[in-house]
Amino acid sequence: MARKFRKTGESGRTILLVDDDRDYLEATRLILEREGHAVITADSGPDALYVAKTEAVDLMLLDYCMPGMTGEEVLVELRKFNPLLQVVLQTGYASENPPRELLKRLDIQGFFDKSEGPEKLLLWTDVGLKVANAMQLLQKSRKGLGYILSATPELYRIQPIEDLLHGILWQVSGLLGAADLFLAVMPPVTEGFLALLEEERMRLLVRAGVGKFSAGMSFTEAVLPSVSGLLHETLRKGTFNTAEGITLVPLCVGDQTLGLLYLEKEVVNQTDRELLLVFANQAAVAIQNSQLYEMATMDPLTGVFVRRFFNQWVIRTLKAASRTLKPIGIIMVDMDNMKPINDTAGHLAGDKALIELVQVLKESTRSSDFIGRFGGDEFSILLPDASLEGLERVARQIQDTLKDRTIAYQGGAIPLKASLGLALLESPESVSEHVSAQYWQHVARFLLNEADVSLYEAKRGGKARAGKPRLIAWPGPDFTFDLTGGD
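These numbers were taken from a predicted model, which means no experiment stands behind them. (Residues numbered from 1 in each chain as written. Predicted model: local features only at pLDDT ≥ 70, side-chain atom pairs only at ≥ 80, totals over all residues. Heavy atoms only, no water.)

> An account of the overall build of the chain is needed here, citing residue identities and associated values.
Helix and strand content of the chain: 14 helices and 19 strands. Every one of the 487 residues in the chain was classed for burial, and the buried ones make up 48%. Restricting the contact set of the chain to residue pairs at least 6 apart, pairs at least 24 apart contribute 67%. Entry remark: accessible area of the chain is about 24,600 Å², with carbon and sulfur atoms responsible for 53%. (Helix = DSSP H or I, 4+ residues; strand = E, 2+ residues; numbered from the N terminus. Buried < 20%, exposed > 50% of the residue type's maximum accessible area, 1.4 Å probe, protein only. Contact = heavy atoms within 4.5 Å. Areas by Shrake-Rupley, 256 points an atom, 1.4 Å probe, with all protein chains shown as cover.)

Rendered as structure tokens:
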């Protein structure tokens with residue numbers, strides 16, 4: 001029968017003591033507890049195996065000669081489900097089984113003759129626990145590195161940088177869970193935030209947070225004044241720092257520090273620290289790539305795709321639709337009263353109007369849709385796998401939402417209004433094969449132009465409305481479209 005003695009030992013180690021002699025169990029338990037170890041006792045092989053399956057045990061002290069199930073039989077079963085648990089065999093009949101032969105044959109880590117007394121027992125216990133600690137650190141490193149490798153593809157996926165930063169924080173929680181618990185079914189939430197340096201003003205900005213922290217918080221809200229010195233040291237030197245209850249991890253690419261991770265948890269284990277640094281280096285490269293990607297593809301004012309990249313994405317979507325036989329929709333959006341806003345309220349108000357319009361477009365579309373800025377006040381929405389009903393529904397949603405939006409200025413408020421043009425490229429009848437690269441460019445230009453035709457119709461009809469949708473049959477392989485100035 002197994003008995004658990006749940007006193008928390010100073011060593012932080014748990015020993016499973018297995019022997020059919022109750023007096024020996026009790027005396028040895030007291031010796032081990034005086035050394036600061038937690039002890040679980042079992043007086044039979046089946047009980048020992050049950051404990052080994054259900055409890056976190058660092059070392060097993062196992063009697064060799066037991067009725068019903070010998071120590072050797074226990075080891076055979078143990079190795080079927082736990083090849084790593086360290087075992088020191090105990091026997092009162094050492095002369096019958098040469099120790100070296102037992103160590104090799106039974107895959108055990110130590111051999112103790114009970115007649116040699118408690119000092120020898122404690123010596124073997126120390127040896128077994130040291131080996132157990134080394135094995136656990138190796139296992140922790142392996143699992144932690146495995147977690148990093150599995151998380152890396154997610155880091156390098158094309159995604160908005162804010163999504164990437166939040167993902168990094170959650171993956172740090174998962175990494176610490178993988179390192180501390182070996183198996184993290186639901187990652188524990190380690191409260192903290194990720195801050196990046198704003199190059200123009202050389203100040204840190206909180207860009208993502210978990211728990212009590214959130215993006216946009218000031219540092220006076222996020223950290224205590226006593227931490228600020230350590231914070232600046234982490235940035236200046238690019239070093240890993242800990243203080244009471246917190247950990248600061250630099251995000252470095254080469255000799256450049258992009259920012260830091262602030263964790264409200266003191267990470268003291270050296271293996272965990274090394275794993276965190278490895279992950280932080282991967283995350284920093286992903287952040288830098290995302291920043292460069294946004295600079296090349298995103299409009300800095302509105303945060304939507306620039307025209308060149310949007311056009312490339314239209315071509316990519318056309319190629320995908322030719323394989324999946326799905327329709328594609330385009331909605332062109334043109335702000336109707338941009339000049340009055342600029343002339344009356346000023347150009348800063350005009351910028352605010354564009355940002356507000358884009359927010360309406362985002363609220364009215366799916367996460368799978370793409371928004372691009374075509375010109376000063378003209379935008380385009382790409383809707384993969386669309387339908388005529390879906391296009392018209394999105395257009396209505398945009399117009400309905402705009403009814404409640406205005407741009408306030410000192411002299412009053414100007415309503416936001418926009419005209420829309422709609423075009424739907426119907427599904428192809430078969431997969432498009434053996435077509436030239438120019439074919440896709442011609443189809444993309446034609447689709448965008450047809451949406452423009454619908455937009456001009458809306459403008460001529462009084463603005464603040466959607467033009468009649470243009471339905472387009474999928475062009476044949478020899479299709480060309482030569483519109484001067486089309487891009």
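> Can you lay out the sheet that holds strand β7 (residues 192–198) for me, pointing to particular residues and giving the numbers?
Judged by pairing direction, the sheet is antiparallel, and its five strands sit side by side in the order β8-β7-β11-β10-β9 without closing on themselves. Each having just a single partner strand, β8 (203–210) and β9 (241–243) make up the two edges of the open sheet. Here the average twist between neighbouring strands, direction ignored, is 20 degrees. The sheet contact formed by strand β10 (residues 246–253) and strand β11 (residues 256–263) spans seven bridges and is antiparallel. By the bridge assignment, T247 is partnered in β11 with L263. Helix-sheet contacts for helix α9 (residues 270–297) involve β7, β9, β10 and β11, and the interaxial angle to β10 is about 45 degrees. (Pairing = 2+ DSSP bridges. Axes fitted to C-alpha atoms, helices over the stretch in contact; angles between N-to-C directions.)

> Lay out the packing of aromatic side chains in plain terms, naming residues and giving numbers.
Enumeration over the complete set of coordinates arrives at twelve aromatic pairs. Between F310 and F374 the ring centres are 5.8 Å apart and the planes differ by 85 degrees, which places this aromatic pair in the edge-to-face class. A residue pair is termed long-range when its members are at least 10 positions apart, and F310 in helix α10 (residues 307–324) and F374 in the loop between β14 (370–373) and β15 (378–384) qualify at 64 residues. Just as F310 is buried, F374 falls in that class too. Aromatic pair F446 and F481: ring centres 5.3 Å apart, planes at 55 degrees, arrangement tilted. Of this pair, F446 sits in helix α14 (residues 437–460) while F481 sits in the segment after β19 (470–472), and the two are 35 residues apart along the sequence. Here F446 matches F481 in class, with each residue buried. One aromatic cluster in this structure is built from Y293, F305, F309, W313 and F370. (Phe/Tyr/Trp six-rings, centres within 6.5 Å; stacked < 30°, edge-to-face > 60°.)

> Break down the packing of helix α11 (residues 338–345) against helix α12 (residues 347–364) for me, citing the residues and quoting the values.
Where α11 contacts α12, the two axes come as close as 7 Å, and the packing angle between them is 140 degrees. In contact with M338, I341, N342 and A345 of α11, α12 contributes H347, A349, G350, A353 and L354. A per-class count over the contact of α11 with α12 returns six nonpolar, three polar and no charged. (Nonpolar A, V, L, I, M, F, W, Y, C, P; charged D, E, K, R; others polar.)

> Break down unusual backbone geometry for me, citing the residues and quoting the values.
Although it is not a glycine, K463 sits at a positive phi angle of roughly 65 degrees. Among the secondary structure elements, K463 is positioned in the loop between α14 and β19. For K463, a relative accessible area of 38% corresponds to the partly exposed category.

> Explain a nonpolar patch on the surface residue by residue, including any values.
On the surface, a cluster of nonpolar side chains totalling about 200 Å² of accessible area is made up of L123, V127 and V131. Assessed through its relative accessible area of 45%, L123 is described here as partly exposed. (Patch = residues over 30% accessible without salt bridge, like charges linked within 9 Å, V, L, I, M, F, W, Y side chains within 5 Å. Salt bridge = Lys/Arg side-chain N within 4 Å of Asp/Glu carboxyl O.)

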